[in-house]
Amino acid sequence: MSATPNIQVVIGYDFSPSAEQALQRAVEVACRAPQHVLHVIAAIDPRNGLPVIATHKVDYAYAEQIQALVADHVKQAFAGRPSVSEVQFFVHARIGRPADEILDLAREVGADLVFVGSHSLTGLERLVLGSVSARVVREAHCPVMVVRPKTYEAVDLMKVIRYDHERKAYTPPHRFSYVDRQAITRPNDWPIS
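Residues numbered from 1 in each chain as written. Predicted model: local features only at pLDDT ≥ 70, side-chain atom pairs only at ≥ 80, totals over all residues. Heavy atoms only, no water.

Caption draft 1: Representation of the environment of valine 137 in the model. Along the polypeptide, valine 137 turns up in helix 5 (residues 132-139). If near-sequence neighbours (up to four positions away) are discounted, valine 137 is found in contact with Val144 and Val146. (Helix = DSSP H or I, 4+ residues; strand = E, 2+ residues; numbered from the N terminus. Contact = heavy atoms within 4.5 Å.)

Below you can see the structure in the form of structure tokens.
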């Protein structure tokens, strides 16, 4: 019997609350189904870096600092969670435009799924700033899960009550053949061929 193939999952991470939600969801999925291999990517603005660590110079040393910080956040996301078995994850820090870097990594690892957060930009903000999640959804060659914090109110659902009722004997379905433009009823003892 062959081993279950790994499922490559890319997670866009920029330290924002929506990116944190995307990371939490991806970790939750991976803990339940460890064949998911996580690739967490922080795309670093080449001019300004990321707000989490202020800088005037974006270089490889800065990218290593971001990579270490992302790795700490991923470890915290896994902390204390039960897992069916070992989960593999990789942390990538790349200098470039976020959508480009997420899509490039997805292509490089043959992604099966991408998680991205949504900053909920609307109207003029989206026109001026663009939307990383919208572009990833449009251009990815795999399913994309756009994650945002849940804002629905909690709902009390009706309780399911066991109802014992009279059980009827199983009746097998009627069997038919279609031959010479006619549907023909077949007795149940005829073999299916």
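Text resumes after the structure shown.
Caption draft 2: Seen up close, the sheet that holds strand 4 (residues 113-117). The strand order across the open sheet built from five strands is 3-2-1-4-5, with neighbouring strands paired in parallel fashion. At either end of the open sheet lies a strand with only one pairing partner, and these are strand 3 (89-95) and strand 5 (144-147). Going across the sheet, the axis of each strand differs from the next one's by a mean of 20 degrees, ignoring polarity. Strand direction decides the pairing type here: strand 4 and strand 5, joined by four bridges, are parallel. When the sheet's bridge partners are listed, valine 116 is paired in strand 5 with valine 146. (Pairing = 2+ DSSP bridges. Axes fitted to C-alpha atoms, helices over the stretch in contact; angles between N-to-C directions.)

Caption draft 3: A look at the pairing of strand 2 (residues 36-44). For strand 2, the buried fraction is high: nine of the nine residues fall into the buried class. Where burial is concerned, the two faces of strand 2 agree: the one with His36, Leu38, Val40, Ala42 and Ile44 and the one with Val37, His39, Ile41 and Ala43 are both buried. By the bridge criterion, six bridges tie strand 1 (residues 7-12) to strand 2 in an arrangement that is parallel. Paired with isoleucine 11 across the strands is valine 40, a residue of strand 2. Note that strand 2 and strand 3 share seven bridges and pair parallel. Residue pairing in the sheet places leucine 38 in a bridge with phenylalanine 89 of strand 3. Tracing the backbone out of strand 2, into helix 2 (residues 60-78) and back to the parallel element strand 3 gives a crossover that is right-handed. (Buried < 20%, exposed > 50% of the residue type's maximum accessible area, 1.4 Å probe, protein only. Right-handed = clockwise from strand over helix to strand, strands pointing away.)

Caption draft 4: Expanded view of helix 5. Within helix 5 the residues assigned to the buried category are Ser133, Arg135 and Val136. With its buried residues spanning 165 degrees around the axis, helix 5 presents them on a single face. On its buried face, helix 5 sits against helix 3 (98-109), strand 4 and strand 5. (Arc of directions from axis to C-beta.)

Caption draft 5: Seen up close, the environment of proline 143. Of note, proline 143 is situated in the loop between helix 5 and strand 5. For the pair proline 143 and alanine 111, spaced 32 residues apart in sequence, the C-alpha separation works out to 9.0 Å.

Caption draft 6: Fine view of the nonpolar core. Ile11, Leu38, Ile66, Val70 and Phe115 are the most contacted members of the largest nonpolar core, which has 30 residues in total. Among the elements that take part in this core, helix 2 stands out by supplying eight residues, more than any other. Discounting chain neighbours no more than four positions away, the residues touching isoleucine 11 are Ala22, Leu23, Ala26, Leu38, His39, Val40, Ile41 and Phe115. In terms of nonpolar packing, the next biggest core, distinct from the first, is built from 13 residues, Ala111, Val114, Val116 and Val136 among them. (Core = buried A, V, L, I, M, F, W, Y, C linked by side-chain atoms within 4.5 Å.)

Caption draft 7: Quick peek at the pattern of salt bridges. Within the structure shown, the criterion is met by eight salt bridges. The salt bridge involving glutamate 28 is made with arginine 32; its shortest N-O contact spans 2.6 Å. Of this pair, glutamate 28 and arginine 32 both sit in helix 1 (residues 17-32), four residues apart, which is roughly one turn of the helix. Ionic pairing is found between glutamate 108 and arginine 94, a salt bridge with its closest N-O pair at 2.6 Å. Taken together, the positions of glutamate 108 in helix 3 and arginine 94 in strand 3 put the pair 14 residues apart, joining distant regions of the chain. Its relative accessible area of 46% is what places glutamate 108 among the partly exposed residues. Linked by salt bridges that have partners in common, Arg97, Asp100, Arg135 and Glu139 make up one network. (Salt bridge = Lys/Arg side-chain N within 4 Å of Asp/Glu carboxyl O.)

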